[in-house]
Amino acid sequence: MTVVERLLSIAIAALANFATRVAPFLLFAHSHNGKSEISPFIEGLGKFLPPAIMALLVVYCFRNVNFLGGTHGLPELLAAGVTIEVHLWKRNMFLSLIVGTLTYILLVHFVFA
């Protein structure tokens with residue numbers, strides 16, 4: 001695959017991602033008194049889905065952890081704790097996910113290797 005093909009693939013993926021995030025607001029917005037308003041249903045989804053997706057990611061991350069053998073899930077639990085602490089400290093989801101992931105990688109490769 002050439003560099004141009006790779007860049008084109010990335011551009012198409014980014015455009016598709018953006019389109020799927022914008023589409024509900026464009027499709028379900030309605031105008032009232034000349035002002036565009038978002039449907040209460042879509043606003044409700046916007047408040048409900050982020051925590052639901054995070055809960056799903058937590059379940060996904062812990063799905064194959066063997067708490068009865070090996071490291072007893074200690075690297076996963078420590079990394080989750082670091083993620084929670086960083087998020088409570090800075091209130092920045094991106095930062096907390098990056099720091100938590102890096103913590104897990106360092107624990108698995110250097111501490112519990």
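Remember, predicted model here, so these are calculated numbers, not experimental data.

**Q** With reference to specific residues and values, describe the side chain of Ser 96.
**A** In this structure, Ser 96 sits in helix α4 (residues 93-111). Exposure remark for Ser 96: the relative accessible area of 3% places this residue in the buried category. Once you skip the residues sitting within four places of it in the chain, Ser 96 turns out to touch Thr 83, Val 86 and His 87.

**Q** Talk me through the packing of aromatic side chains; I want residue IDs and the actual numbers.
**A** Under the counting rule described, the total for this entry stands at 0 aromatic pairs. The ring of Tyr 60 carries the charged tip of Arg 63 above its face, separated from the ring centre by 3.9 Å. When the ring centre of Trp 89 is taken as origin, the NZ or CZ atom of Lys 90, which lies over that ring, is 4.5 Å away.

**Q** Tell me about the UniProt feature "transmembrane region" (unreviewed entry) in the protein chain, and please be specific about residues and values.
**A** UniProt's entry tags residues 7-28, 48-65 and 93-112 with the feature "transmembrane region" (unreviewed entry), counted in the numbering of this structure. Helix makes up 83% of residues 48-65 and strand 0%, whereas the separation of the span's terminal C-alpha atoms amounts to 27 Å. The straight-line gap between the two end C-alpha atoms of residues 93-112 is 26 Å; of that span, 95% is helix and 0% is strand.

Parameters and conventions
- Residues numbered from 1 in each chain as written.
- Predicted model: local features only at pLDDT ≥ 70, side-chain atom pairs only at ≥ 80, totals over all residues.
- Heavy atoms only, no water.
- Helix = DSSP H or I, 4+ residues; strand = E, 2+ residues; numbered from the N terminus.
- Buried < 20%, exposed > 50% of the residue type's maximum accessible area, 1.4 Å probe, protein only.
- Contact = heavy atoms within 4.5 Å.
- Phe/Tyr/Trp six-rings, centres within 6.5 Å; stacked < 30°, edge-to-face > 60°.
- Lys NZ or Arg CZ within 6 Å of the ring centre and 35° of its normal.
- UniProt positions renumbered as here; feature names shortened; annotations may be inferred.

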